[in-house]
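One-letter residues, chain by chain:
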Amino acid sequence: MVVYYYQDKYRRANREIQRLLLVNNSTFTNHITESLKGLRIIRAFKQEGTFLQEFEKALTNVIGPGFVSQSLLFWICIRVAVVAYMLLLTVLLLCCAAVAFDYTIDYTKFSLSLTYVLTGLWLFQTFVSILGKLEKSFLSVERIKQYLSNETEQLDEVPNDLSASPVRGENIVSFETVSYTHLTLP
């Protein structure tokens, strides 16, 4: 019950952080792509400093949510470990109470129960950790699913005859004195 509470809090927070990380990551990638495409223009107008500042800002926006995401995973792992060790402590105290009150106990069952508890706790911690990492992958699938559910534009609704526009010449590009030449390369 306690683990479910922590896991629910973790899941909600992690989902929002991952969405923020994906948005910032696309902004960062877009900035790099645009900067590389316009590198000559940036250098021609001597704006390297401006673009470097924008790059650092975009990089900070990507690193921040990534760090918070890793910290959040560490947070849930600590909470799960505390719950797991409390369960182990409970089993140990019950076994010690059985020995202290002269309750006849088979020590092989005692050691076997501790072994099972330790193995179960390790599996439980691993399961929660894998579940947290799997949650990150689901966000990408959710974004793809949302993208595919968007309504597509109806291209059939675009008129073929642009001269029938309500405002004459609104959609028309016309050139009056244009000449094209083609040079044959040797």
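Up top is the structure these notes are about.
Note on numbering: residues in each chain are counted from 1, in written sequence order. With the structure being a predicted model, the display of local features is reserved for residues of pLDDT at least 70 and the display and counting of side-chain atom pairs for 80 or more, all residues being used for whole-chain, interface and lining totals. By convention in this description, side-chain values take in all heavy atoms of the structure and omit both hydrogens and water.

Peer 1: Got a minute to help me understand the overall build of the chain in this structure?
Peer 2: For helices the rule is a DSSP run of H or I covering at least 4 residues; for strands it is a run of E covering at least 2, with both sets numbered from the N terminus onward. Along the chain, the regular secondary structure elements total four helices and zero strands. Beginning at the N terminus, the succession of helices and strands in the chain can be written as α-α-α-α. Throughout, exposure labels follow a simple rule: accessible area from a 1.4 Å probe, protein chains only, divided by the maximum for the residue type, with under 20% read as buried, over 50% as exposed, and the rest as partly exposed. Residues classed as buried in the chain amount to 20% of the 186 residues present. Considering only contacts within the chain whose residues lie at least 6 apart along the sequence, 79% involve residues at least 24 apart. Of the accessible surface of the chain, which amounts to about 15400 Å², a share of 64% is contributed by carbon and sulfur atoms. Any two residues whose heavy atoms approach within 4.5 Å are treated as being in contact. Values of accessible area rely on a 1.4 Å probe in the Shrake-Rupley scheme; residue burial ignores everything except the protein chains shown.

Peer 1: Looking at this structure, how should I read a nonpolar patch on the surface?
Peer 2: A cluster of nonpolar residues, Phe74, Ile78, Val82 and Met86, forms a patch on the protein surface that exposes about 400 Å² of accessible area. Position of isoleucine 78 relative to the elements: it lies in helix H3 (residues 48–100). Here, patches come from residues exposed beyond 30% relative accessible area and free of salt bridges, joined within 9 Å for like charges and within 5 Å for nonpolar side chains (Val, Leu, Ile, Met, Phe, Trp, Tyr). Note on definitions: salt bridges are taken to be side-chain nitrogens of Lys or Arg within 4 Å of carboxyl oxygens of Asp or Glu.

Peer 1: Just checking my understanding: could you explain the side chain of asparagine 24 for this structure?
Peer 2: If you trace the backbone, asparagine 24 turns up in helix H1 (residues 2–37). Within the structure, the side chain of asparagine 24 is placed 2.8 Å from the backbone oxygen of asparagine 61, a separation counted as a polar contact. What asparagine 24 contacts, discounting residues up to four positions off in sequence, is Asn61, Val62 and Pro65. Any N or O atom pair separated by 3.5 Å or less is treated as a polar contact, with the protein-specific requirement of one donor-capable and one acceptor-capable atom, and with residues adjacent in sequence counted only for side-chain atom pairs.

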